[in-house]
Amino acid sequence: MKNVLLVVSGPSGVGKGTLVKELIVRRSDVVESVSCTTRKPREGEVDGKHYFFLSQKEFDRRIAEGDFLEYDEHMSGMYGTPRSFVQKTLQEKSVIMEIDVVGGLNAKKEYPELVLVFIMPPSKEELVRRLKGRNSETPEAIEKRLARMDFELSKLPEYDYVIVNDDFETALQELSDLIDKEKNK
Ligand code: 5GP
């Protein structure tokens, strides 16, 4: 069985973070890559665990040195995947990256064998309900996230798998099963 590199994308609020976190807890053969970002930490976020929080200057330096497998700008800041961590970890385990569609497609250019997984909400209404439930989002931010979702959905045909996150356990099982399938290819 080989180790696989996966990207999990999907609109914010879809629950992809929770799915990936739980998958990591249940599977010792899969590790999550920790991204770098220039955005400020949210309450409860820990440097080096949720993200590596960098200054813009440091982020730019790393871009110039080719340290990122891919990077992209979002409304909240810059985000990038550290190349060395992914390469090193893949020698022992499968690696999962929770990144947006632009980052996913860019990463696939470098790693054609990368597996792209898109997590869909059961409906747009349900996504709005989940975003509002977060309480950290202003109405304007929610609007922007929904507009971004339309863009992300336009890239869906380029993805290898689509999982609808309606029932959490079912979605988690589907994610785990596709990893097994890819590992055995
Ligand atoms: P948040 O700030 O809410 O944690 O993430 C905002 C967006 O950045 C999400 O769509 C998330 O998937 C994306 N993101 C997180 N890490 C990376 C990364 O390393 N590269 C790219 N391209 N996007 C990322």
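Before reading on, note that the structure itself is shown above.
Quick look at the structure, then. This one's a predicted model, so the numbers in the text were calculated from it and none came from an experiment.

### What about the overall build of the chain?
Helix and strand content of the chain: 7 helices and 9 strands. Scaling as 2.2 N^0.38, a compact globule of 185 residues should have a C-alpha radius of gyration of about 16 Å, and the chain matches this with 16 Å. Each principal axis of the C-alpha distribution contributes one length, and for the chain these read about 45 × 40 × 30 Å. For the chain, the proportion of its 185 residues judged to be buried stands at 46%. Within the chain, residue pairs in contact and separated by at least 24 positions form 67% of the contacts whose partners lie at least 6 positions apart. Per element, the accessible surface of the chain, about 9800 Å² overall, is 51% carbon and sulfur. Side-chain charges in the chain split into 29 positive and 34 negative, and the spacing between the mean points of these groups amounts to 2 Å.

### Notes on the packing of helix H5 (residues 124-134) against helix H6 (residues 139-154)
Two elements in contact, H5 and H6, have axes whose closest approach is 11 Å; the angle formed by their N-to-C orientations is 145 degrees. Along this stretch, H5 crosses H6, giving a crossing that reads as right-handed. For the pair H5 and H6, contact is made by Lys124, Leu127, Val128, Leu131, Lys132 and Arg134 and by Ile142, Arg145, Leu146, Met149 and Asp150, respectively. When grouped by side-chain class, the residues that make up the contact of H5 with H6 number 6 nonpolar, no polar and 5 charged.

### Overview of the sheet that holds strand S8 (residues 115-120)
Spatially, S2-S7-S1-S8-S9 is the arrangement adopted by the 5 strands of the open sheet, whose pairing is parallel. At either end of the open sheet lies a strand with only one pairing partner, and these are strand S2 (30-32) and strand S9 (161-164). When the angles between neighbouring strand axes are averaged without regard to direction, this sheet yields 25 degrees. Bridge analysis of S2 against strand S7 (residues 94-98) gives 3 bridges, and the strand direction is parallel. Across the sheet, residue Glu32 finds its bridge partner in S7, namely Ile96. Each of strand S1 (5-9), S2 and S7 is contacted by helix H3 (residues 83-90), which is oriented at about 150 degrees to S7, the strand it contacts most. Packed onto the sheet, helix H4 (residues 101-110) meets S1, S7 and S8 and runs at close to 165 degrees relative to S8.

### A short note on the nonpolar core
Residues Leu6, Val117 and Leu178 are the most contacted members of the largest nonpolar core, which totals 24 residues. Counting only elements with at least two residues in this core, the list comes to S1, helix H1 (16-26), S8, H5, H6, S9 and helix H7 (168-183). Ranked by residues supplied to this core, first place goes to H7 with 5 residues. In this structure Leu6 touches Val95, Ile96, Met97, Val115, Val117, Leu178 and Ile179, once residues within four positions along its chain are discounted.

### Quick look at H5
When we look at burial in H5, the residues that qualify are Glu126, Leu127 and Leu131. Viewed along the axis of H5, the buried residues span an arc of 135 degrees, placing them on a single side of the element. Set apart from the buried face of H5 by more than 90 degrees, the exposed residues are Glu125, Arg129, Lys132 and Gly133. For H5, the elements touching its buried residues are H6. Once H5 ends, the next one or two residues include Asn135, with phi positive near 70 degrees.

### Points about the side chain of Lys183
Within the fold, Lys183 resides in helix H7. What Lys183 contacts, discounting residues up to four positions off in sequence, is Met1, Lys2, Asn3, Val4, Arg27, Asp29 and Ser94.

### What to know about the site of the ligand
In the vicinity of the ligand, 15 residues are found, and the nearest of them are Ser35, Arg39, Tyr51, Tyr79 and Asp100. Between the ligand and Asp100 there is a distance of 2.7 Å, counted from a nitrogen atom to a side-chain nitrogen or oxygen. Isolated, the ligand exposes 510 Å² of accessible area, and the fraction of that covered by the protein chains is 91%. Residue assignment for the shell around the ligand shows that the elements contributing at least two residues are strand S5 (68-74) and strand S6 (77-82). Of the residues in the shell around the ligand, the class split is 3 nonpolar, 5 polar and 7 charged.

Procedures and definitions
- Residues numbered from 1 in each chain as written.
- Predicted model: local features only at pLDDT ≥ 70, side-chain atom pairs only at ≥ 80, totals over all residues.
- Heavy atoms only, no water.
- Helix = DSSP H or I, 4+ residues; strand = E, 2+ residues; numbered from the N terminus.
- Rg over C-alpha atoms; globule rule 2.2 N^0.38 Å.
- Buried < 20%, exposed > 50% of the residue type's maximum accessible area, 1.4 Å probe, protein only.
- Contact = heavy atoms within 4.5 Å.
- Areas by Shrake-Rupley, 256 points an atom, 1.4 Å probe, with all protein chains shown as cover.
- Lys, Arg positive; Asp, Glu negative; His and termini not counted.
- Charge placed at Lys NZ, Arg CZ, Asp CG, Glu CD.
- Axes fitted to C-alpha atoms, helices over the stretch in contact; angles between N-to-C directions.
- Left-handed = near helix turned anticlockwise from the far one by under 90°.
- Nonpolar A, V, L, I, M, F, W, Y, C, P; charged D, E, K, R; others polar.
- Pairing = 2+ DSSP bridges.
- Core = buried A, V, L, I, M, F, W, Y, C linked by side-chain atoms within 4.5 Å.
- Arc of directions from axis to C-beta.
- Near = heavy atom within 4 Å.
- Polar contact = N/O pair within 3.5 Å; in protein donor to acceptor, adjacent residues only side chain to side chain.

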